[in-house]
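Listed here are the chains, written in short residue letters.
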Amino acid sequence: MDAEAHSNVTLPDAFLDFLNENGLDPSIYTSRDSTPRYVRLKPGCEAYLEEIEAEIECKLEAVAWLPNFYSLPPHVQIANSKAYQEGKIYGIDAASGAAVSALNISLGDHVLDLCAAPGEYSFNEKVDVYKEWTSKRPWKERKRVAKARVHVASQFASRVQEPELIFYGRNSGVVGVNRSELHQTFHAQDVLHCGYDKVLVDAECTHDGSIRHIQKFEHWGWKTLQRRVLNAERTDDLTILQLQLLTNGFRLLKVGGALVYSTCSLTVAQNEDVVEQFLSQNAYAELLEIDAAKNWPCRRGRIPNTLRFDPMTSRTSGLFVALFTKLAI
């Protein structure tokens, strides 16, 4: 890598003020190569590990606290590799993988994914669903990658019954249940047991916890940062949206189920404040301790049972995670 790639980012005064207001250390944004890149190895592809390492010319270091995840130097690119295009590996930050792990998904669970996108989450070998964000790639390349993924996916698709997609309103639908399951009559007591077993609400946010995302504004222009991250009106709109997403996701959760609320923002307004407001409006919602987090390199949030990942503590991108359950009232 050249010297320019190792240089520090100079942050604008407006963003430094934003960080100071939210109690964030500016140093996490100024060092280019401090945070590794992470990939997840698709379960069943362990035998290809050495082949993948040879192709990308890099040793994949297993992440001790998160199964199937590996770290590699931040400058290593994987998008053009055969392993990536065949779906054997794909890029996802370890903190994002931890958020899904907090749900403790079991075989047979019905899972609702309210991820904001663009982005990618992995539901491990039990619910192995993933999407790739490729809008900046040429159309021919996206088509070629899509064909490769279809070929790999076809090997697994024959093992399960294909779900129906049922539209019940404009731009909306239900995926993963059959028509006979959807159209049923329930007694009042039965309604308590309806809904999803697990819900992931990865809410839209200012993305200020994504260090690489913030560093890109050096090239995009800091005025763009002002509009997308620092604009107070947009932030107010986002917190309203975040509360609505959390509320709707919780409404679709069955009693005794688990819901994870996460954002890649490090601000209190988009995390603890949203959680506190939600709890004040939902007496049957309860925050749970995340059992798996005992070995995670993260710190406590400002509310008990909430967690925060950040580059200095975790060597990951920034992420806030809160786990809820629904009580029977």
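Check the entry above for the structure.
In this numbering scheme, every chain counts its residues from 1 along its sequence in written order. Whole-chain, interface and lining totals are the exception, using all residues; otherwise, since this is a predicted model, local features are given only for residues with pLDDT of at least 70 and side-chain atom pairs are given and counted only at 80 or more. Excluding hydrogens and water, the side-chain figures rest on all heavy atoms present in the structure.

J.: Got a minute to help me understand the nonpolar core in this structure?
T.: Soluble globular proteins tend to pack their nonpolar side chains together in the buried interior. Within the largest apolar cluster, 44 residues are counted, with the highest numbers of intra-cluster contacts made by Leu 60, Trp 65, Leu 72, Val 260, Ile 290, Trp 296 and Phe 309. Strands here mean DSSP runs of E at least two residues long; helices mean DSSP runs of H or I at least four residues long; both are numbered from the N terminus. Residue contributions to this core peak at 5 residues, all from helix H5 (residues 94-101). Residues are treated as being in contact if the distance between any of their heavy atoms lies within 4.5 Å. The contacts of Val 260, once residues within four sequence positions are left out, are Ala 99, Ala 102, Leu 103, Val 199, Leu 200, Val 201, Val 321, Ala 322 and Leu 323. Buried Ala, Val, Leu, Ile, Met, Phe, Trp, Tyr and Cys residues that are joined via side-chain atoms within 4.5 Å together make up what is termed a nonpolar core. Partly exposed residues are those whose accessible area sits between 20% and 50% of the maximum for their type, while under 20% is buried and over 50% is exposed, using a 1.4 Å probe and protein chains only.

J.: I keep staring at the pattern of salt bridges and nothing clicks. Help me out?
T.: Side-chain pairs of opposite charge can arise whenever the charged atoms involved come near each other. When a carboxyl oxygen of Asp or Glu is within 4 Å of a side-chain nitrogen of Lys or Arg, the pair counts as a salt bridge. Overall, the coordinates contain 6 salt bridges when judged by the stated rule. The salt bridge involving Glu 86 is made with Lys 88; its shortest N-O contact spans 3.1 Å. For Lys 88, a relative accessible area of 12% puts it in the buried group. Of the charged contacts, one joins Arg 299 and Asp 310 as a salt bridge, the two residues approaching to 2.9 Å between their closest N and O atoms. Linking Arg 299 in strand E11 (residues 299-300) with Asp 310 in the loop between strand E12 (306-309) and helix H14 (311-314), this pair joins segments that are 11 residues apart in sequence.

J.: Could you clarify how one ought to interpret the packing of helix H1 (residues 13-21) against helix H11 (residues 222-230) in this entry?
T.: For any two helices packed against each other, the geometry is given by the interaxial angle and the distance between the axes. Lines are fitted to the C-alpha atoms to define the axes, a helix being fitted only along its stretch in contact, and any angle between axes, read from their N-to-C directions, falls within 0 to 180 degrees. At their nearest, the axes of H1 and H11 sit 10 Å apart, and the two run at 25 degrees to each other. Considered as vectors, H1 and H11 are oriented roughly parallel to each other. Across the interface between the two elements, Ala 14, Phe 15 and Phe 18 from H1 touch Leu 225, Gln 226, Val 229 and Leu 230 from H11. Basically, the charged four are Asp, Glu, Lys and Arg, the nonpolar ten are Ala, Val, Leu, Ile, Met, Phe, Trp, Tyr, Cys and Pro, and anything else, Gly included, counts as polar. For the contact of H1 with H11, the per-class residue count stands at 6 nonpolar, 1 polar and no charged. Roughly parallel refers to an angle under 35 degrees, roughly antiparallel to one over 145, roughly perpendicular to one between 65 and 115, and oblique to any angle outside these ranges.

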